Amino acid sequence: MLRLYNTMTRRNDPFQPLEDGKVGLYTCGPTVYNFAHLGNLRTYLFEDYLRRVLELDGYEVTHVMNVTDVGHLVSDSDTGEDKMAVGAAREGVSAYEIADRYWQAFRDDLKRLHILEPSRWCKATDHIQEQIDLASRLEEAGFTYHIDDGIYFDTKKLVDYGKLARLDLDSLKAGARIEVVKGKRNPTDFAVWKFSPKNESRLMEWDSPWGIGFPGWHLECSAMSLRYLGEQFDIHCGGIDHVAVHHTNEIAQVEAVTGKEWVRWWMHGEFLVLPKSADGEDGERMSKSGDNFLTVNTLVQKGFDPVAYRFFCLGAHYRAPLTFTWESIEGAANALERIANRVAAIRDETGGRIAESYYSSFLEACRDDLNMPRALAVLWAVLGDKSLSGADQYTTLLEMDRVFGIGIKSMTRKEAAVDTETQKLVDARIKARADKNFAEADRIRDLLSDRGFVLEDTADGTIVRPK
Ligand code: AMP
Ligand code: ZN
């Protein structure tokens, strides 16, 4: 039986969909003003294991993901710069071009990480009418008020507002926060529609019954999931930061108009964080600015197969924070290579059967709130069991790869095919590493990458191979 942790109940509950055999799944998608960083992608990877486990269990999954292409404001409290405008100014193109450019880049990242595409993409700018309609329903039901800055949701009017995060509303104060909007009645109130600044037009704005402006960020997910998944559906996911504000407000908007419990399971992925600093300060979360902005392209530039990042993420439970280091990515790449070499050696053996006892341990781990580290331990146990034939090992791995998605079927032996000039560089790098001159070693790694080679440092020495 599949058990999934539900943020709403704070329990691992046995999963039961509303309709037999079918699952409606909504995952909050990217804001497309820049590349997704590896932290964002950790969340999409967790959602991918979830979807794959549901499909392995025979469910037909309708997976909807939004694309946030409306220019929302940088801060959660409805103030700050418009993200799409920041992107457009940076690259000298229109906000729509920025949105399209980074949506395509995001899809490319998904492909490189073997993340399945949703059954339906929905862009916020294609659903402005649905958002206006929902805001109008909220207004008719008496949940909104009008201030200079926009139309706001009055969170005091909804009895169980904040239930997902178990917010203690009385202790929440806007306090000294500088960006508090004038006229807001309660600190938790949020915009459902924001007005464009007077005498100024924005890059993206629309007419509405209340005046020209743009929808509040939380509105798009409520309106689009209502349209594509209905007034009640099974699972809604996102990163852990969405619990207190974004998902809390999505729930408020929908349940205020339907009066019904909206989503059965709320699931949240923990953050990818950076290592603690030497003086013991907590690791920062990865963000879209500064040196910590690591992307799939960064992995490729450093000579890694992006799937190594997928494999690295599989090694931690989705509800535990995960610390990113380059050493762990190297470790994951080396592990993948060991698997690939073994797979290449046994793939041609025919007549294999699934090793049932291993496979049932694997299924049990997957069904225990997606325990991927335990499921991976089964993969290593299969590879290490000399009593299994190569054919049985391969067949079992192939079946497990329906969830892992590391590409067992197309793995090839990693062999070096190196010309003399390249070999000289490899030797120079080995020397630089032995001398602990890591800057030089990294420089040579980049030169090798330009020549089309990747390097992997293993316990048995450095392996070089064509990309
Ligand atoms: P955004 O594009 O900023 O809306 O974020 C996309 C998804 O990534 C959301 O579900 C966020 O909760 C999630 N997210 C943001 N930062 C991190 C991080 N450091 N680690 C894991 N997930 C994150
Ligand atoms: Zn959302």
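How each quantity is defined
- Residues numbered from 1 in each chain as written.
- Chains lettered and ligands numbered in written order.
- Predicted model: local features only at pLDDT ≥ 70, side-chain atom pairs only at ≥ 80, totals over all residues.
- Heavy atoms only, no water.
- Near = heavy atom within 4 Å.
- Polar contact = N/O pair within 3.5 Å; in protein donor to acceptor, adjacent residues only side chain to side chain.
- Areas by Shrake-Rupley, 256 points an atom, 1.4 Å probe, with all protein chains shown as cover.
- Helix = DSSP H or I, 4+ residues; strand = E, 2+ residues; numbered from the N terminus.
- Pairing = 2+ DSSP bridges.
- Axes fitted to C-alpha atoms, helices over the stretch in contact; angles between N-to-C directions.
- Contact = heavy atoms within 4.5 Å.
- Phe/Tyr/Trp six-rings, centres within 6.5 Å; stacked < 30°, edge-to-face > 60°.
- Buried < 20%, exposed > 50% of the residue type's maximum accessible area, 1.4 Å probe, protein only.

**Student:** Would you mind going over the site of ligand 1 with me for this structure?
**Tutor:** For ligand 1, the set of nearby residues contains 17 residues, the closest of which are Gly39, Thr43, Gly239, Asp241 and Leu272. Within the backbone of Gly239, an N or O atom sits 3.0 Å from an oxygen atom of ligand 1. In this structure, a nitrogen atom belonging to ligand 1 sits 2.9 Å away from a main-chain N or O atom of Leu272. Taking 500 Å² as the accessible area of ligand 1 by itself, protein coverage stands at 92%. Considering each element in turn, the shell around ligand 1 owes the most residues, four residues, to helix H1 (residues 38-56).

**Student:** Just checking my understanding: could you explain the sheet that holds strand E8 (residues 190-195) for this structure?
**Tutor:** Each strand in a sheet pairs with another by means of backbone hydrogen bonds, the pair being arranged parallel or else antiparallel. With antiparallel pairing, four strands are arranged side by side in an open sheet as E6-E7-E8-E9. Each having just a single partner strand, strand E6 (144-147) and strand E9 (213-215) make up the two edges of the open sheet. Direction aside, the axes of adjacent strands within the sheet are offset by 25° on average. By the bridge criterion, four bridges tie E6 to strand E7 (residues 150-153) in an arrangement that is antiparallel. Paired with Ile147 across the strands is Gly150, a residue of E7. Running at roughly 120° to E8, helix H4 (residues 128-140) makes contact with E6, E7, E8 and E9 of the sheet.

**Student:** Honestly, the packing of aromatic side chains in this entry has me stumped. Any pointers?
**Tutor:** A ring pair, where both rings are aromatic, is described by two values, the distance of the centres and the angle of the planes. In total, this model carries 19 aromatic pairs according to the counting rule given. An angle of 75° between the planes, with centres 6.1 Å apart, marks the rings of Phe106 and Trp121 as edge-to-face. With Phe106 in helix H3 (residues 95-112) and Trp121 in strand E5 (residues 120-123), this pair connects stretches of sequence that are 15 residues apart. Residue Phe106 is classed as buried on the basis of its relative accessible area of 2%. Using a relative accessible area of 18% as the deciding quantity, one classes Trp121 as buried. Seen in terms of ring centroids, Phe233 and Trp262 are 5.7 Å apart; in terms of plane orientation they differ by 90°. Their pairing is edge-to-face.

Nothing here speaks to function; it is geometry throughout.
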